[in-house]
Each structure stands twice: as structure tokens, then as C-alpha cells.
Amino acid sequence: AQKVTQTQTSISVVEKTTVTMDCVYETRDSSYFLFWYKQTASGEIVFLIRQDSYKKENATVGHYSLNFQKPKSSIGLIITATQIEDSAVYFCAMRGGGAGNKLTFGIGTRVLVRP
Amino acid sequence: DAGVTQTPRHEVAEKGQTIILKCEPVSGHNDLFWYRQTKIQGLELLSYFRSKSLMEDGGAFKDRFKAEMLNSSFSTLKIQPTEPKDSAVYLCASSLGGTNTGQLYFGEGSKLTVL
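Presented here is an overview of the structure given in this document.

So, how was this worked out
- Residues numbered from 1 in each chain as written.
- Chains lettered and ligands numbered in written order.
- Predicted model: local features only at pLDDT ≥ 70, side-chain atom pairs only at ≥ 80, totals over all residues.
- Heavy atoms only, no water.
- Contact = heavy atoms within 4.5 Å.
- Buried area = accessible area lost by both parts, 1.4 Å probe.
- Salt bridge = Lys/Arg side-chain N within 4 Å of Asp/Glu carboxyl O.
- Polar contact = N/O pair within 3.5 Å; in protein donor to acceptor, adjacent residues only side chain to side chain.
- Helix = DSSP H or I, 4+ residues; strand = E, 2+ residues; numbered from the N terminus.
- Buried < 20%, exposed > 50% of the residue type's maximum accessible area, 1.4 Å probe, protein only.

Once that is clear, we can look at the interface of chain B and chain A. With 21 residues of chain B at the contact, the number on the chain A side is 15 residues. Together, the buried faces of chain B and chain A total about 1500 Å²; carbon and sulfur atoms form 57% of this surface. Contact with chain A buries surface across chain B, with B:L43, B:Q103 and B:F106 losing the most and accounting together for 30% of the total. Across the chain B-chain A interface, the total number found is zero salt bridges. Taken together, the links from chain B to chain A amount to four residue pairs in polar contact (both at pLDDT 80 or more).

Now the structure itself:
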């Protein structure tokens, strides 16, 4: 069975600094896909970035980047130059590589970016 | 392009009632997911359809929860009979599928309150 664990309940950072969130996962699949999502205060959930397990290079999209450490089953999210609008709950998720595999989410990390 | 549309946005039910939540996925998407979100349990998968076929029925949610995909552009989630512990936000999401399964587009959710 798949499992995704986010141990940080909440993080507070000052605007324009960098925030890092942790996520560890468990899977028996040799190939899998990892994702990060953002849920804003309005409840909207949006996809941010993904990492395919077979790719060695860390994914980067805008000011989001990933720290993929496969031997540690870890996929951290890094947000650089944070803005007030980055305040949200961030979810880590994974899907196994087989056809029809479901997406499993972590419990989420709440990030507060303060002025 | 239209995103995922969920109706109703809010629903109040008495214990024991039957409620039906509706979802229209993004046009052309092959995968459809129903999740339940609570503060304690986070995002829990209720059902997962691929090309209208049920791939995952959410295990513990089988007895009173039933999701259906009547066609590729419409899905329903029936809860029968409702219990106060069912109070939560119910989220529908869709995905292109294939290598993009996991990159979900979420609806705004249906907030259910069971009295």
C-alpha cells in the first residue's frame, strides 16, 4: 500500500525568504510519480509541480522546485522568494506506476508567509 | 475552458437522508476522482474512475457511498443514509489520464453538513 507522510503541520516564514517542506513516501512500485498541490484559503486546490521517479533531475516550475532524494524516499518542496499569496496548505501526493493506480495524498503542511 | 464543476456548493441534510452530489469533469479528461476532505483525515479517496470504469471504490466508504459515471461528462456521488460524521467537503477532480494521471484538476467542492 502507498503512504505519504508530511510531518510539518505548519511553517511560518517572512516574505521574500525561502521555505522548505518535507514529504516522505512509501511504495513497492519501481516506477512512480510524485506531486505537490496547493490549497488556498478559499478552498481551491491547484496542481503545482511533479517529479517522475525515473528522472534524476529535480523538477522546477517558476519559484517552486523539488528536492528529490530517491534513496530516502523523500520529495521536498522548496518555494523561493515567497510572497504573501504563497500562504496556503501544501499537499504532497504520489501515484504508483501501474495503470489505474490511485493518487494518495499527505495530510498537508500549512504555510504562513508574513510581511 | 470550463474546469471541474460541482453542484451543489452547499448541502444541509438531516441524519438518514439521501443526498446526491454532482460533478462535471473537464472535457476530454479520462480519469475522475471523488475525495472527501476533513481537517482530521485530510483528503480521502472515495472513488476513482478511468474511462468510466470504476478502478477504486474507497474501501471503508463502500457501504453508504456510491459513485457513478453515467457518461464521460457527468458523475454523481450518492450518500445513503447520511450520518453526522459525513459532514465534510466532497471534492471531485479529473485528469487526462495516462502519464498525466495524478495531475488533477479539482472542483470547488460541495460542503455537506449533516444534522
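A cis amide bond links B:T7 with the next residue in sequence, B:P8, at an omega value of -10°. Note that B:P8 resides in the loop between β1 (5–7) and β2 (10–13). In the segment running from B:Q80 into B:P81, the intervening peptide bond is cis, with an omega of -10°. Counting through the fold element by element, B:P81 comes out in the loop between β8 (74–79) and β9 (88–95). Residues other than glycine seldom take positive phi values, yet A:S73 does so here, at roughly 50°. Relative to the assigned elements, A:S73 resides in the loop between β8 (64–69) and β9 (74–79). Given a relative accessible area of 24%, A:S73 falls into the partly exposed group.

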